[in-house]
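For reference, the chains in residue letters:
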Amino acid sequence: ILMQYSSLGEEAGVFLKRLDGMLYDIRLRATLEHRPQYNETNIAIIDIDEKSLSEHGRWPWSRRKVASLIDSLLDQGVIVIAFDVVFAEPERNPVDEIALELGDQLINDTGLAQYKQEIDGDLRMAESLQNGDVVLGILFEQMEGISKGAVPDNVVVMNQDVNIKRVKAQPFVSYVGNIAPLHDNAIGKGFFNAVPDEDGSIRRAALLVQHEGVVYPSLALEAARLYSLADEIRVETVEDGAHHNISGVTLNAQEIFTDENGRVLVPYRGGRNSFKYYSAADVLSGTLAPEALLDSIVFVGTSSVGLADLRETPVGIQYPGVEVHANVLEGLLHPDIFSYRHDLADHYTVLYLLLFGVVMAIRFPKMGPGQMAFWGT
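Figured I'd write up the structure that's included with this text. As the structure is a computational prediction, the values presented were derived from the model and not from experiment. (Residues numbered from 1 in each chain as written. Predicted model: local features only at pLDDT ≥ 70, side-chain atom pairs only at ≥ 80, totals over all residues. Heavy atoms only, no water.)

### Examining the pattern of salt bridges
A complete count under the given rule lists 17 salt bridges for this structure. Measuring nitrogen to oxygen at the nearest pair gives 2.8 Å for the salt bridge that ties Glu 222 to Arg 225. Of the two residues, Glu 222 and Arg 225 both sit in helix H8 (residues 219–227), three residues apart, roughly one turn of that helix. For the pair shown, Glu 222 and Arg 225 are each scored as buried. Glu 330 is the salt-bridge partner of Arg 269, the closest N and O atoms lying 3.0 Å from each other. Taken together, the residues Arg 269 in the loop between strand E14 (263–265) and strand E15 (276–279) and Glu 330 in helix H10 (residues 321–333) connect sequence positions 61 residues apart. For Glu 330, a relative accessible area of 1% puts it in the buried group. Residues participating in the shared-partner salt-bridge network are Asp 25, Asp 197, Asp 199, Arg 203 and Arg 204. (Salt bridge = Lys/Arg side-chain N within 4 Å of Asp/Glu carboxyl O. Helix = DSSP H or I, 4+ residues; strand = E, 2+ residues; numbered from the N terminus. Buried < 20%, exposed > 50% of the residue type's maximum accessible area, 1.4 Å probe, protein only.)

So this is what it looks like as structure tokens:
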């Protein structure tokens, strides 16, 4: 019997969360036209779209091509470039490929060995990373034993008396990072993990996660740090028994409030393509207008169905994951557009429904049809 009641309680909890999510989606869509618009900060998406794949081949592209993309973006005045992708494996060097097929002796006899570094794609991309503020993506995982690449640098600062193991940022046991030449030459690194609700919809975004006693920033948060010229990200916490609940993050004295796990509600501008999209093919070919990307922050990602980075969100299904980061970044730069939801909101909702139900159960039998209709609405 106890198990049956427990099961009913869990089902009721899931139902209430789904109902709350649906109501939140309705409220969000109804208020989108009243959301403040900030156009002075140029945030754009560099899209590895179908056109780019058609003209430059399937993804992943060669690192030399990615380096050319970085160079082109910086030449067009982009301030911060953030990659919604991880470069976890070294690219095969053509000289090594020839040696593997035809033998090292041929490489030495023909003098090809001297060109190995010159045509190395990873080194070419590493050189481009040195020329501007570029944030590389990283993916944290819950599966043990799969860590590869390099873990990000620690730019998150906690109070000295805070035990990080007690901080309620979501913990991860492993990661997929970038190879050393790229990691060492990129000024920023941030995770791009999605945080879907139980129904699969992306309503929240994690700004912070932790791994082995260190707290790391998201891709959008790290891009905001570089854009705002902040040296560090300070995490504000509130002690709660055995835990330290996160209350917000601070960039250059500007505090952004979060829930106890370091998450924010994504402040969606609107449906898909609310931010400007530019095809990566057009960036590489140099056909964009000269001022199109001047003083901008760009996220490099994909809207291609074949590359499967499309998400369900309150503002539409098949929503590019890279545009979620753009929405979060705009909120970090303009915190007034964030909708703050208290951690106890679900408890308040249940309490309200319980009290309302009790009152109505007492009052309804004494009311006429008109009064019942009025109070029921």
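### Looking at the sheet that holds strand E4 (residues 156–157)
A sheet is described by the order of its strands in space; here four strands give the open sequence E4-E11-E12-E13, paired in mixed fashion. Bordering the open sheet on either side are E4 and strand E13 (254–257), each of which pairs with just one other strand. Examined bridge by bridge, strand E11 (residues 233–240) and strand E12 (residues 243–251) share seven bridges and lie antiparallel to one another. Each residue of the ladder has a partner; that of Glu 239, found in E12, is His 244. (Pairing = 2+ DSSP bridges.)

### What to know about the side chain of Asn 193
Within the secondary structure, Asn 193 sits in the loop between strand E7 (188–191) and strand E8 (204–206). Asn 193 gets classed as buried once you look at its relative accessible area, which sits at 16%. Those residues in contact with Asn 193, other than ones at most four positions away along the chain, are Ile 138, Leu 139, Phe 140 and Phe 172. (Contact = heavy atoms within 4.5 Å.)

### A few points about a nonpolar patch on the surface
A contiguous nonpolar patch, built from Phe 15, Leu 19, Leu 23 and Ile 26 and spanning about 370 Å² of accessible area, is present on the exposed surface. Of note, Leu 19 is situated in helix H1 (residues 2–31). (Patch = residues over 30% accessible without salt bridge, like charges linked within 9 Å, V, L, I, M, F, W, Y side chains within 5 Å. Areas by Shrake-Rupley, 256 points an atom, 1.4 Å probe, with all protein chains shown as cover.)

### With respect to the pairing of strand E17 (residues 310–313)
As defined by bridge partners, E17 adjoins strand E18 (residues 316–320) across three bridges and the pair is classed as antiparallel. Each residue of the ladder has a partner; that of Thr 313, found in E18, is Gly 316. The hairpin formed by E17 and E18 contains two residues between the paired strands.

### With respect to helix H6 (residues 121–129)
Taken as a whole, H6 has its buried residues at Gly 121, Asp 122, Met 125, Ala 126, Ser 128 and Leu 129. Down the axis of H6, the buried set is contained in an arc of 160°. They therefore lie on one face. In this structure, the buried residues of H6 make contact with helix H3 (63–75), strand E3 (133–141) and helix H7 (180–185). (Arc of directions from axis to C-beta.)

### Re the environment of Thr 258
Relative to the assigned elements, Thr 258 resides in the loop between E13 and E14. We classify Thr 258 as buried; its relative accessible area is 3%. Each C-alpha atom of the pair Thr 258 and Glu 236 lies 9.5 Å from the other, and the pair is 22 residues apart in sequence.

By themselves, these figures tell us nothing about what the structure is for.
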